Amino acid sequence: MSRIVYVNGEFVPEEQGKISIFDRGFLFADGVYEVTAVVNGKLVEYDPHMERLDRSLRELNIAWPCTTDELKAMHLEIVKRNALKEGHIYMQVTRGAADRDFKFPKDVKSTLIAFTQTGSLIDNPNAKTGVKVVTVPDIRWERRDIKSVMLLAPVLAKQAAAEKGASEGWMVEDGKITEGASSNAYIVKDGVVITRPLSHAILPGCTRRALMRLAKEHGVKVEERLFTPDEAYAADEAFLTSATQFVMPIVEIDGKRVGGGQPGPLVRKLREFYLEEVVKG
Ligand code: PDD
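About the cut-offs
Numbering of residues starts from 1 in each chain and follows the order in which that chain's sequence is written. Only residues with pLDDT of at least 70 get local features here, since the model is predicted, and only at 80 or more are side-chain atom pairs given and counted; chain-wide, interface and lining totals rely on the full set of residues. The basis for every side-chain value is the complete set of heavy atoms in the structure, and neither hydrogens nor water enter the calculation. Residues enter a nonpolar core if they are buried and are Ala, Val, Leu, Ile, Met, Phe, Trp, Tyr or Cys, with the set joined through side-chain atoms within 4.5 Å. Throughout this description, buried means an accessible area under 20% of the type-specific maximum (1.4 Å probe, protein chains only), exposed means over 50%, and partly exposed covers the range between. Elements are defined by DSSP. Helices are runs of H or I of four residues or more, strands are runs of E of two residues or more, and each kind is numbered from the N terminus. Throughout, a contact is declared for two residues whenever any of their heavy atoms are within 4.5 Å. Note on ring pairs: Phe, Tyr and Trp rings are taken, using the six-membered ring of Trp, and paired if centres are within 6.5 Å. Classes follow the plane angle, with under 30 degrees stacked, over 60 edge-to-face and the rest tilted. Criterion for a charge above a ring: Lys NZ or Arg CZ within 6 Å of the ring centre, and within 35 degrees of the ring normal. Each reported salt bridge corresponds to a side-chain nitrogen of Lys or Arg within 4 Å of a carboxyl oxygen of Asp or Glu. In this analysis, strands are considered paired if DSSP registers two or more bridges between them. Only the stretch in contact is used when fitting a helix axis, every axis being a line fitted to C-alpha atoms; angles between N-to-C directions are given from 0 to 180 degrees. A single heavy atom is enough: if one lies within 4 Å of a molecule or strand, its residue is considered near that molecule or strand. In protein, a polar contact means a hydrogen-donor-capable atom and an acceptor-capable atom, both N or O and within 3.5 Å, with residues adjacent in sequence counting only if both atoms are side-chain atoms; elsewhere, any N or O pair within 3.5 Å suffices. All accessibility values rest on the Shrake-Rupley procedure with a 1.4 Å probe; residue burial counts only the protein chains present in the view. Amino acids are sorted into nonpolar (Ala, Val, Leu, Ile, Met, Phe, Trp, Tyr, Cys and Pro), charged (Asp, Glu, Lys and Arg) and polar (every other residue, Gly among them). Counted as positive: Lys and Arg. Counted as negative: Asp and Glu. His and the chain ends are not counted at all.

A. Here's a closer look at the nonpolar core. Core analysis: the largest hydrophobic core is formed by 23 residues, its most contacted members being Val193, Phe239, Phe246, Leu270 and Tyr274. Listing elements by their share of this core, those giving two or more residues are strand S3 (31-39), strand S10 (184-189), helix H6 (206-217), strand S14 (246-253) and helix H8 (265-280). Top contributing element to this core by residue count: H8, with 7 residues. Setting aside residues up to four positions removed in sequence, valine 193 forms contacts with Tyr186, Ile187, Val188, Val220, Lys221, Val222, Glu223, Phe239, Leu266 and Leu270. Counting residues in hydrophobic clusters, the runner-up holds 22 residues, among them Tyr6, Leu57, Leu71 and Ile78.

B. Geometry of the packing of aromatic side chains. This model, assessed by the stated rule, comprises 7 aromatic pairs. Judged by centre distance (5.0 Å) and plane angle (55°), the ring pair of phenylalanine 28 and phenylalanine 102 falls under tilted. Residue phenylalanine 28 is located in helix H1 (residues 24-28), and its partner phenylalanine 102 is located in the loop between strand S5 (87-94) and strand S6 (111-118); the two are separated by 74 residues in the primary sequence. Using a relative accessible area of 60% as the deciding quantity, one classes phenylalanine 102 as exposed. Taken together, the ring pairs in this structure connect Tyr33, Tyr90 and Phe115 into an aromatic cluster. Over the face of the ring belonging to phenylalanine 104 we find arginine 95, whose NZ or CZ atom lies 3.5 Å from the ring centre. Directly above the ring of tyrosine 233 sits lysine 256, whose terminal nitrogen or CZ lies 4.3 Å from the centroid.

C. Up close: the pattern of salt bridges. Applying the stated criterion to the full structure yields 22 salt bridges. Between aspartate 30 and arginine 24 there is a salt bridge, and its shortest N-O distance comes to 2.8 Å. As far as burial versus exposure is concerned, aspartate 30 and arginine 24 are alike and both buried. A salt bridge links aspartate 145 to arginine 55; the shortest N-O distance between them is 2.8 Å. With aspartate 145 in the loop between strand S7 (131-137) and helix H5 (152-163) and arginine 55 in helix H2 (residues 46-60), the pair connects residues that are 90 residues apart, well separated along the chain. By relative accessible area, aspartate 145 is classed as buried at 3%. Overlapping salt bridges bring together Asp138, Arg140, Arg144, Glu173 and Glu179 as one network.

D. The sheet that holds S3, seen in detail. One open sheet accounts for 6 strands, arranged S2-S1-S6-S5-S3-S4; its pairing is antiparallel. Two strands lie at the open edges of the sheet, namely strand S2 (10-13) and strand S4 (42-43), each paired on one side alone. Sheet topology note: the strand S1 (residues 4-7)/S6 ladder contains 2 bridges and is antiparallel. In the sheet register, valine 7 faces S6, and the bridge partner there is isoleucine 113. Against the sheet, helix H3 (residues 68-81) engages S1, S2, S3, S4, S5 and S6, with an angle of about 35° to S6.

E. How the structure looks around the site of the ligand. Residues in contact with the ligand amount to 20 residues; listed here are only the nearest, Tyr33, Glu179, Cys206, Thr207 and Ala243. Arginine 52 is positioned such that a nitrogen or oxygen atom in its side chain is 2.8 Å from an oxygen atom of the ligand. One of the backbone nitrogen or oxygen atoms of alanine 243 is found 2.8 Å away from an oxygen atom of the ligand. Coverage of the ligand by the protein chains reaches 90% of its 480 Å² of free accessible surface. Counting residues per element, the ones that place at least two in the shell around the ligand are S3, H2, strand S9 (176-180), H6 and strand S13 (237-242). For the shell around the ligand, the residue count by class is 6 nonpolar, 10 polar and 4 charged.

F. Here's a closer look at the side chain of arginine 196. Note that arginine 196 resides in the loop between strand S11 (192-195) and H6. Of the buried charged residues, arginine 196 lacks a salt bridge, with glutamate 173 as the closest side chain of opposite charge at 4.5 Å. Within the structure, the side chain of arginine 196 is placed 3.2 Å from the backbone oxygen of isoleucine 177, a separation counted as a polar contact. Sequence-distant contacts of arginine 196, defined by excluding residues within four places in its chain, comprise Lys176, Ile177, Thr178, Ala185, Ala201, Ile202, Arg208, Glu224, Arg225, Leu226 and Phe227.

Here's what the structure looks like:
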């Protein structure tokens, strides 16, 4: 059975999900997106994702494609129509379709599309073994706080990682790690979680936001500061967070084992705290 996808107000089988070749998302990457996890058929961190969507749209002057209630109804309906139990929803808003011209077109309607993908989030086997990352230069633009669909740099980073047997690229700018190609980056040293503070240099992760709150609630110290690849190699533990990986231990960086090559105790605990909350709904 084919997936049911959403395109500009309609739910259709995926083969029929089509947009214009003049869509500015296609021509200029003039659009933004969100990826929301689904566990037990329920949306995870929905409100933070939509707050961030609103911010991304405002920063780029793209009109909302529908009301916030309609968008929530669409998310719930696409889960239902695909009987999605665990996985995520990808949704994208672009400035719309208009003849090719760089400046904003007048009287154009935003394009809204969404589709579901199934995946193992709670019992993800990678969480037991941990994952490998490699560092790559951060060649992205200067507004990484906007969740733009302009993802060529992350595509190249992930490909470089895959070619070295790793699953994520940690991006480096001015000798400091910014974040992962599609995740936020953390190390642990002497019981303290270290992660880069929010700024235009990184995406404000919804999972990051939950993790920071959980760390506080459970008395885990967090230091928001820049860190180098050398510090990461020498860290006791390392991990990443995202809506698709949740809290994921890292056991190798640039071929160097971190924390003896096993998921560390603090990251395992943080993952448990997060899963507990997600499963509770
Ligand atoms: N990516 N940083 C970047 C550059 C990201 O693309 C993402 C998410 C994150 C983590 O944000 P969140 O916790 O809200 O998922 C950080 C999604 C999952 C993706 O592009 O598939």
